[in-house]
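# Survey of secondary and tertiary structure
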Amino acid sequence: MHSNGKEKVVVEVVAAHNLMPKDGEGSSSAFVEVEFENQRQKTQVKHRDLNPVWNEKLVFHVNDVADLPYRTIEVNVFNERRSNNSRNFLGKVRVSGSTIAREGEEMPQLYTLDKRSLFSHVRGELSLKLYLSTKEEVKQVINGGGSGAVVSGGGGSGGVVSKKNKKMQHQSGNMVVPKQMGSGQENNKLGLGLQNNHGHLKPVEPGPGDIQPVVITTVPGPIIPTSGGGAAVSHHGGVNGGGGGHFRGGFSNDYALKETSPHLGGLNNDKTTSTYDLVEQMQYLYVRIVKARDISVFGGGEVVAEVKLGNYKGITKRVSSGHAEWDQVFAFSKDTIQSSVVEVFVKENNNKDDFLGRVWFDLNEVPKRAPPDSQLAPQWYRMEDKKGDRSNPKCSELMVAIWFGTQADEAFAEAWHSKAANVHFDGLCSIKSKVYLSPKLWYLRVGVIEAQDVLLGDKGSSMNMMRYPELFAKVQVGNQVLRTRIASPTASRSLANPTWNEDLLFVVPEPFEDYLLISVEDRLAPNRDELVGRVILPIGNIERRFDDKFVVSRWFNLETHESKSAVRFASRIHLRASLEGGYHVLDEATMYSSDVRPTAKQLWKPHIGVLEVGILGATNLMPMKIKEGKGGSTDAYCVAKYGQKWVRTRTVVDSLAPKWNEQYTWEVFDPCTVISIGLFDNSRVDKSPTGRDTRIGKIRIRLSTLETDKVYTHAYPLLMLHPSGVKKMGELHLAVRFSCANMFNVLHMYSMPLLPKMHYVQPLSVSQLDGLRYQAMNVVSSRLSRSEPPLGREVVEYMLDHDSHMWSMRKSKANFLRLTSVLSWFVAVTRLVETLMTWRKPVYSTLFLIVFTVLVLVPELIIPCGLLTLATMGMWRYRCRPRHPPHMDTRLSYAESVHPDELDEEFDSFPTNRTAEIVRMRYDRLRSVAGRIQTVVGDMATQGERFQALLSWRDPRATFLFVILCLLAAFGFYLVPIRWVVAFGGWWYLRPPKFRNKLPSSVVCFFKRLPTNADSML
């Protein structure tokens, strides 16, 4: 590639997103400075904007295009400080020259801003276009004071740049190699959820003021934890940015829980919002179009009503002119009202410009309504014609009701909202707020006991002389299928009378629409079965039981392949079936359970409290999709699940900072439960929906960690784990309150079993619970997906933690660290005893000996002193108790310093789809970890076998010594009081080092010489 002397490098600075506020007022005045081959230019300053848009082209000379792949482009983002004529660092990017495209092939790339040093506070992304051009010219602008481009000579030594600025520019940084826009599948692997309206990523030219996210890339390589609080540095010498950085030593404030102070209705003593006291009041203009009369349309066509307020238009459904009834409500946010008049037109369906009649209202005359007032009664209004005349008695009339209200209005949930004006008609239903109820789930226990007089099929009869029949029972409920084992032949029973005696469990929902199908089949060959007979039973006719009472078994005739009404002989099967109402059907992980009541309502106890949650809004959301002409956007909605009640907020269209301000209430039956709240991007808003909503994040709140009758207002970080690392997707603002009428009932629940009685009387195995939970999740997801609007399967699975049982090296390390943290108190006590024993602090050792002697002499004080110590510690720690509810912790989850390959393994499908080399490497790593675990387990078994060897006479001399010592010790303990023995033992153990020997004691030496079974292992 040779230079013709005219090619220039063009760096088009498109926009930035989610910058760090640096002006002390929660914002930044950002500008971008680009340096390439001793040339430096900068964009204009965008004042007080954390999401600035520039769309500016910076053009640079190129000395030699052939050397371009070996050059780098330095891009720095700064905040302008007008007070002292200085600037703050907001982030930087180093781009390799090998990624520069030809003109016409350029695509916008989204780069993660990196730190300049370990102590830099940086966040956000920068969108750039880089390409070679022969048309652009280098602009010569002399220092514009921060609002122009400063260009040094084409190949000169630099322009007007201070030494301080040079020093700031020449800091070492991370080289970010962007990836081109690819298919939607590749981007899904990156976990960004970017998609366009057609399900695949396509190059979209951003319009003015648009930001177009593509791919956020980080440098591959293992992450080295730092000791300071800085970022995790890769082997490539860079700093991984990706969503706030990887903090190991310190805790990232970007991932922390933040307390907020919203203007809630109840906290502001606003009587009009007493029923919605955990949300901010939002004013809306409601227009209810009921019906029209006396409409004259030629040919009797269809008519529609159109509500116009400024630039917003809402259109009703089409109805016949002879029966013009709509009964639809339109809601316009008061913040977006741009006119003082609202107009209502009645038009023919095929005529968009002309109208049949019009009614208009002055907004200054519109009344206000606040619940619990009754709904405003609609009134008839005479419409004016095209000339503005209402005096004509033949003019049509329109029944309308118009008022100002809040989100507490009954019409709010079903109203058409002005912010959804661009949503197509089929997607309007999917943006409304709804409340769902999970179906009541039952365990169905089917006991298959035996069968009699089984007649083999034609194929089995022909093969009967050569083999024994392999009979088994198959039970099917809906799409759930379970099989018994193959009946083994016995001497006491014939082959035609097989016996199984197995219980099979299923999950069935109310109402009972499915049938129970039991069939007896013969295994002719592997994967080849023949039906022998079957019986079909309605589930609604099966006996229900609420305790462990005995269920009477029954015989049922099997329908065979040759059964006819004239045949008197029939095969039979012996069954015992019951619907178990005493269990709680687990459809979510036990540790995150939101409801533990039994299925049967007769066994429910009164609720003990009320949980109220105000879903206020979200901020700093990441763009989840690309819309043509708009760049990155998100259509966000919330889903909250507690018990059988699911709630879904309305979808706020095309907003990275949506506000919902919706309040919901749940009855609480157990304080030790968890509410889950997830945030999703609605994919059904587009005209070509992809069908799957993208997850943005999820939080959990355990009710037992909340104080009673206290309102918690916090911004919860939405953290998601992607194959590139942990990333903050935004913040969710909530107001939560747990209230109870009787504190005694709440405290009494702590002494009750967590699960219903039947879980302990007839417990289910762990494998059974796992299988039944998977079945329950399928039943719930299928029922909720049939609602309107549907709650997608991907949403239900994410809320119910369907993949919590999958293997993950990261989770294993995190659980190991949790275990070591729990056992740290034992290590601390051991070190304290060692300090006392070695007399490193003689004063403490002396005091401990005195206390020990007093407790030995007066043993009645041991238990009271121990309990008093625990009570004192609890009261002392009350002052430093947690003030905020827990949230997702990246350090506890071991998500900050996880190896990239371990993340790739966690996101791998099951079964794996990786190459054989990667699977072999991971298998070898797993073998090494299992080898260390195997060694620890073997050491534990060795110590236990040594204890068993004391009396096994495997080593006769050791056992003889132990028996003799036990006899002597028995006489000694009988003659000497126990308190003196304990006192002497304590004094001997805590004797000063002067009287100690560095060699191990005789008891330890004797124990380590005992034999173990390790000698007999291969």
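To be clear, the structure that these remarks concern was listed above.
Computed from a prediction, not measured in an experiment: that's the story for all the values here.

## Overview of the overall build of the chain
- On a plain count of helices and strands, the chain comes out with 16 helices and 44 strands.
- Here the chain holds 1018 residues, and the buried ones make up 47% of them.
- In the chain, the proportion of contacts linking residues at least 24 apart, taken out of those at least 6 apart, comes to 69%.
- Within the structure as shown, the chain displays about 53,400 Å² of accessible surface, and the carbon and sulfur contribution to it stands at 56%.

## Overview of the sheet that holds strand β27 (residues 480-483)
- Taken in spatial order, the five strands of this open sheet run β27-β26-β29-β30-β33, and their pairing is antiparallel. Because the sheet does not close on itself, it has two edges, and the strands there are β27 and β33 (559-560).
- Across two bridges, strand β30 (residues 528-538) lies against β33 in antiparallel orientation. Following the sheet pairing, Arg534 is matched in β33 by Glu559.

## Overview of the pattern of salt bridges
- This structure, assessed with the given rule, holds 48 salt bridges.
- Residue Glu731 pairs with Lys728 through a salt bridge whose shortest N-O separation is 2.7 Å. The two residues Glu731 and Lys728 agree in class, both being buried.
- Of the charged contacts, one joins Arg840 and Glu834 as a salt bridge, the two residues approaching to 3.8 Å between their closest N and O atoms.
- Residues participating in the shared-partner salt-bridge network are Asp901, Asp904, Glu905, Asp908, Arg914, Arg922 and Arg925.

## A look at the packing of helix α10 (residues 842-857) against helix α15 (residues 978-989)
- Orientation of α10 relative to α15, taken along the N-to-C sense of each, is 165 degrees, at an axis distance of 9 Å. Taken together, the axes of α10 and α15 are roughly antiparallel relative to one another. Helix-helix and strand crossings are classified by hand; for α10 and α15 the assignment is right-handed. Packed against α10, whose contacting residues are Leu849, Phe852, Thr853, Val856 and Leu857, the element α15 presents Arg979, Trp980, Val982, Ala983, Gly986 and Trp987 at the interface.
- In terms of residue class, the contact of α10 with α15 is made up of eight nonpolar, two polar and one charged.

## What about α10?
- Between its first and last C-alpha, α10 extends 23 Å over 16 residues, near the 22 Å set by a 1.5 Å rise per residue.
- Considered for burial, the residues of α10 that qualify are Ser845, Leu849, Phe852 and Val856. Buried residues of α10, seen end-on, are gathered within an arc of 65 degrees and therefore sit on one face of the element. Turned more than 90 degrees away from the buried face of α10, the exposed residues are Val843 and Tyr844.
- Buried residues in α10 make contact with α9 (824-838) and α15.

## A few points about the pairing of strand β18 (residues 325-333)
- Pairing of strand β14 (residues 283-293) with β18 involves seven bridges; the strand directions are antiparallel. When the sheet's bridge partners are listed, Tyr284 is paired in β18 with Ser333.

## Some words on a nonpolar patch on the surface
- Side chains of Val843, Tyr844, Leu847, Ile850, Val854, Leu857, Val858, Leu861, Tyr974, Leu975, Val976 and Trp980 sit close together on the surface and give an oily, nonpolar patch of about 1,200 Å² of accessible area.
- The set of elements that each furnish at least two residues to the nonpolar patch consists of α10 and α14 (956-975).
- Among the elements that make up the nonpolar patch, the one with the highest residue count is α10 (six residues).
- Examined against the element boundaries, Val854 turns out to sit in helix α10.

Analysis parameters
Residues numbered from 1 in each chain as written. Predicted model: local features only at pLDDT ≥ 70, side-chain atom pairs only at ≥ 80, totals over all residues. Heavy atoms only, no water. Helix = DSSP H or I, 4+ residues; strand = E, 2+ residues; numbered from the N terminus. Buried < 20%, exposed > 50% of the residue type's maximum accessible area, 1.4 Å probe, protein only. Contact = heavy atoms within 4.5 Å. Areas by Shrake-Rupley, 256 points an atom, 1.4 Å probe, with all protein chains shown as cover. Pairing = 2+ DSSP bridges. Salt bridge = Lys/Arg side-chain N within 4 Å of Asp/Glu carboxyl O. Axes fitted to C-alpha atoms, helices over the stretch in contact; angles between N-to-C directions. Parallel < 35°, antiparallel > 145°, perpendicular 65-115°, else oblique. Left-handed = near helix turned anticlockwise from the far one by under 90°. Nonpolar A, V, L, I, M, F, W, Y, C, P; charged D, E, K, R; others polar. Expected span 1.5 Å × (residues − 1). Arc of directions from axis to C-beta. Patch = residues over 30% accessible without salt bridge, like charges linked within 9 Å, V, L, I, M, F, W, Y side chains within 5 Å.

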